[in-house]
Amino acid sequence: MKTSRRISEIPMSGIRKMFDLAGPDSINLGLGEPDLAPPKEAVEGMNRAALQGLNKYAPTMGLPQLRQAVAERFSVYGEITADNVMITPSGSSALLEVAMGMVDPGDRVLVPSPGFVIYGPHAQLVGGTYDEYRLTETFQPDIEDIKSKIMPSTTMIVVTTPSNPTGGVLTEESKRALLDLAEDHDLTILADEVYCSFVYEGKHVSFMDRLDKAVVVNGFSKMMAVTGWRLGFICANMEAMGPLMKMQYHVCASPGMPAMYGVLNALPTIDPYLDEARATYKRRRDLITRRINEIPGFSIAPPQGAFYAFPKFDLDVGSEELGNTLARNGLICTPGCYFGKYGEGHLRFSYAASEERIEAGMDMLSKVITEGRWKRCPTTTTRTHTSSEGTTQRRTRSRPSSNTSSKTTTRGSR
Ligand SMILES: Cc1ncc(COP(=O)(O)O)c(C=O)c1O
């Protein structure tokens, strides 16, 4: 049967490979999925809706009451109203709808590297292409690198804050620099803020106050630990919202009704739940940071947001080979190279896992590294470091290649 070239040219996620290599009792620090229970109000609200027969199509933009509740909660970041909010069937489909609604064939999209794995493929699926821009050593967008990659056909730049896979949180300074670029080069910023509830130091920097230049994607999967419900939202100005709504109509008609009632029942009183979730993740973050820094050749600064640790390693082995070795030994993580060409030299560990599991995982990492006899190669890195004087230094040294390039092979997992 004929299938489209469009999809055959897009690689499948690399995560399956890690799971295939690992045995059934492996320690799983590979998945970007909260292990916490959802707020009980959310589950009750969804169940009640389903039992009351609220199982129908909803308005294309989602339940008006939920759009209003989202606008109220997120108006701390900008003057948004329900008209600026469209509920979507997941953050992932929101991102695809933005690509379909705003990117033309031939357009170029700048995506962060290391970065979440679906932005580039989405650009390709709609006939565009993508270019990876570097992050600095502190996981901020490397503005000089971005400048050097803006072409006449570049129309969009994607930014993720807090970031999967790095755990980096955008600074106000980086936000301003991105907005300046967007203004100078007439670019749209696609801000993926699905981890906004999980910032451990400082505060979340949102683009919701700049809907003249940005479209913001957010979601409930991570916030409420309901990855299986498939609900997200887009925040956009009225000019963008019309085409995005049309797109959503053709994609799904509307998001699922019972799940929207569940989220609606929890959202206005979610803060105590989020305070507890943040405290839990922060404890785990501190644990995994300490354990990683005890391992020779590994280093990490405490991730500021999301629930990922993305340590650097200075060993003469590629991240894919190291990830495979760990998987064969019963520890699942995600090689940095799966998150783009600038992710090499890192591994991603999800700490959305119990402290016992994190301890066991780090015991295994330590054992494999100690027994691995890989040589140290102290200056190996392919990213840039912004010094305290603000000058950008680039350090590159070769590391055994994992035989991957973002265009031709699998890029990571959730
Ligand atoms: C950065 C980022 N954006 C978007 C998503 C999509 O989330 P969902 O489709 O569950 O809403 C994910 C999921 O892992 C993510 O890590």
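Residues numbered from 1 in each chain as written. Predicted model: local features only at pLDDT ≥ 70, side-chain atom pairs only at ≥ 80, totals over all residues.

**Points about the sheet that holds strand 13 (residues 334–335)**
Logical step 1: The strand order across the open sheet built from three strands is 10-14-13, with neighbouring strands paired in antiparallel fashion. Each edge of the open sheet is held by one strand with a lone partner, namely strand 10 (308–309) and strand 13.
Logical step 2: Note that strand 13 and strand 14 (residues 347–350) share two bridges and pair antiparallel. Counted as the bridge partner of Pro 335 is Leu 347 from strand 14. (Pairing = 2+ DSSP bridges. Helix = DSSP H or I, 4+ residues; strand = E, 2+ residues; numbered from the N terminus.)

**What about the domain arrangement of the protein?**
Logical step 1: What the domain assignment lists for the protein is domain 1 (5–37 + 272–394) and domain 2 (40–269).
Logical step 2: In this assembly, 36 residues from domain 1 lie in contact with 33 residues from domain 2.
Logical step 3: For the side of domain 1 that touches domain 2, the secondary structure elements donating two or more residues are helix 11 (271–293), strand 10 and strand 15 (384–386).
Logical step 4: Of the residues forming the side of domain 1 that touches domain 2, the biggest block, five residues, is contributed by helix 11.
Logical step 5: When its residues are assigned to classes, the side of domain 1 that touches domain 2 shows 15 nonpolar, 12 polar and nine charged. (Domains from an automatic or database assignment. Contact = placed C-beta atoms within 7 Å. Nonpolar A, V, L, I, M, F, W, Y, C, P; charged D, E, K, R; others polar.)

**Re helix 8 (residues 172–185)**
Logical step 1: Here helix 8 spans 20 Å end to end across 14 residues, near enough to the 20 Å set by a 1.5 Å rise per residue.
Logical step 2: Here helix 8 has its buried residues at Ser 174, Lys 175, Leu 178 and Leu 181. All buried residues of helix 8 lie within an arc of 125 degrees about the axis, which places them on one face of the element. Opposite the buried face of helix 8, by more than 90 degrees, sit the exposed residues Glu 172, Glu 173, Arg 176, Asp 180, Glu 183 and Asp 184.
Logical step 3: For helix 8, the secondary structure elements touched by its buried residues are helix 7 (143–149), strand 5 (154–160) and strand 6 (188–192). (Expected span 1.5 Å × (residues − 1). Buried ≥ 20, exposed ≤ 12 C-beta atoms within 10 Å, placed from the backbone. Arc of directions from axis to C-beta.)

**Observations concerning unusual backbone geometry**
Glycine aside, a negative phi is what most residues show, and trans is what most peptide bonds show.
Logical step 1: Put simply, Thr 161 and Pro 162 share a cis peptide bond, and its omega is -15 degrees.
Logical step 2: With respect to the helices and strands, the residue Pro 162 is situated in the loop between strand 5 and helix 8.
Logical step 3: Here the residue pair Asn 164 and Pro 165 is connected by a cis peptide bond, since its omega of 20 degrees sits within 30 degrees of zero.
Logical step 4: With respect to the secondary-structure elements, Pro 165 resides in the loop between strand 5 and helix 8.
Logical step 5: Despite not being glycine, Ser 90 has its phi angle at roughly 105 degrees, a positive value.
Logical step 6: In this fold, Ser 90 is placed in the loop between strand 2 (85–88) and helix 5 (91–102).
Logical step 7: Ser 90 sits in the buried class, given 21 other C-beta atoms within 10 Å.
Logical step 8: Here the phi dihedral of Phe 139 falls at roughly 65 degrees; this positive angle occurs in a residue that is not glycine.

**Side note on the packing of helix 4 (residues 64–74) against helix 10 (residues 257–266)**
Logical step 1: Between helix 4 and helix 10, the least distance of the axes is 10 Å, while the angle of their chain directions is 35 degrees. In this structure, helix 4 meets helix 10 at a crossing whose hand is left-handed. Contacts between helix 4 and helix 10 involve Gln 65, Leu 66 and Ala 69 from the first element and Met 260, Val 263 and Leu 264 from the second.
Logical step 2: For the contact of helix 4 with helix 10, a count of residues per class yields five nonpolar, one polar and no charged. (Axes fitted to C-alpha atoms, helices over the stretch in contact; angles between N-to-C directions. Left-handed = near helix turned anticlockwise from the far one by under 90°.)

**Thoughts on the confidence of the model for the protein**
Logical step 1: Per-chain confidence: the protein averages 92 in pLDDT, with 91% of residues scoring 70 or above.
Logical step 2: Every residue in residues 385–397 is under pLDDT 50, and counting partners more than four places away or in other chains gives 20 contacts.
Logical step 3: Confidence over residues 401–412 falls short of pLDDT 50; this stretch has 37 contacts with residues more than four positions distant or in other chains. (pLDDT = per-residue confidence, 0-100.)

**Some remarks on the environment of Gly 30**
Logical step 1: In this structure, Gly 30 sits in the loop between strand 1 (27–28) and helix 3 (40–51).
Logical step 2: For Gly 30 and Leu 326, which are 296 residues apart along the polypeptide, the C-alpha to C-alpha distance reads 11 Å.

**Side note on the pairing of strand 7 (residues 214–219)**
Logical step 1: Buried residues dominate strand 7, accounting for six of its six residues.
Logical step 2: Covered by surrounding structure in strand 7 are Ala 214, Val 216 and Asn 218 together with Val 215, Val 217 and Gly 219, the residues of both alternating faces.
Logical step 3: Two elements, strand 6 and strand 7, share four bridges in a ladder whose sense is parallel. Across the sheet, Ile 189 pairs through a bridge with Ala 214, a residue of strand 7.
Logical step 4: Sheet analysis places strand 7 next to strand 8 (residues 232–235), joined by four bridges and oriented antiparallel.

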